[in-house]
Amino acid sequence: MGTPLERSSRVPIGCPDKLGGATRKKVAPDSNGWLSLAKARYAMGAKSVGPLQYASHMEPQVCLHTSEAQEGLQKFKVVRAGVHTPEEVGPGEAALRRRKGPAKTPEPQSSEAPQDPLNWFGILVPHSLRQAQASFRDGLQLAADIASLQNRIDWGRNQLRELQEKLKQLEPGAA
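First, a word on what this report is: a plain description of the structure on this page. (Residues numbered from 1 in each chain as written. Predicted model: local features only at pLDDT ≥ 70, side-chain atom pairs only at ≥ 80, totals over all residues. Heavy atoms only, no water.)

### With respect to the side chain of S36
- On the secondary structure map, S36 appears in helix 2 (residues 15-44).
- A relative accessible area of 8% places S36 in the buried class. (Helix = DSSP H or I, 4+ residues; strand = E, 2+ residues; numbered from the N terminus. Buried < 20%, exposed > 50% of the residue type's maximum accessible area, 1.4 Å probe, protein only.)

As structure tokens, then:
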């Protein structure tokens with residue numbers, strides 16, 4: 001690991017700059033998404049694109065996963081809902097199987113990948129609605145990146161505070 005001073009030199013100095021750039025980048029997909037959504041409402045009609053078309057049962061398309069990175073830092077990652085992480089892969093049941101007996105019909109399970117929400121608005125949706133969906137997906141990814149950067153900056157600040165406190169304690173004339 002090294003001395004505390006060596007560890008503090010690993011804290012990236014450019015993180016606040018990256019965070020500022022990422023937050024500015026996040027504004028663009030959000031505003032583009034809302035603009036594309038407004039274009040779709042104009043093209044299809046206000047009653048065709050709205051909450052009345054939402055499905056009665058909605059499933060998330062993406063999930064936010066956290067993982068432990070270096071030195072206890074948490075990293076956020078956006079993952080599609082149909083994709084299994086290594087922890088989730090395994091046997092469905094932990095019980096023993098019977099070799100003989102009445103055959104049971106398997107219960108219908110929900111599909112692995114959730115249905116595309118664009119299908120709620122019809123089969124042929126305007127391109128602007130697809131653009132809005134893509135912009136909002138990009139915005140979600142940027143939000144996860146911003147959260148990871150903010151977590152890294154907070155960790156760096158805490159490390160710096162700890163080192164300053166240790167330095168004050170080590171100084172010979174500290175009051």
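### Some thoughts on the nonpolar core
- Among the nonpolar cores identified, the biggest contains 6 residues, and these are A40, V49, L118, F121, V125 and L129.
- Apart from residues lying up to four places away in sequence, A40 is in contact with G45, V49, P126, S128 and L129. (Core = buried A, V, L, I, M, F, W, Y, C linked by side-chain atoms within 4.5 Å. Contact = heavy atoms within 4.5 Å.)

### A short note on the pairing of strand 1 (residues 62-68)
- Of the pairings in the sheet, the one linking strand 1 to strand 2 (residues 74-80) comprises 7 bridges and is antiparallel in character. For T66, the partnering residue across the bridge sits in strand 2 and is F76.
- The loop that links strand 1 with its antiparallel partner strand 2 comprises 5 residues; one of these, E71, has a positive phi angle of about 50°. (Pairing = 2+ DSSP bridges.)

### Quick look at the environment of L73
- Relative to the elements of secondary structure, L73 occurs in the loop between strand 1 and strand 2.
- Residue class for L73 comes out buried when judged on its relative accessible area of 8%.
- For the pair formed by L73 and S148, sequence separation is 75 residues and the distance between their alpha carbons is 8.7 Å.

Everything listed here is a matter of geometry and, on its own, says nothing about what the molecule does.
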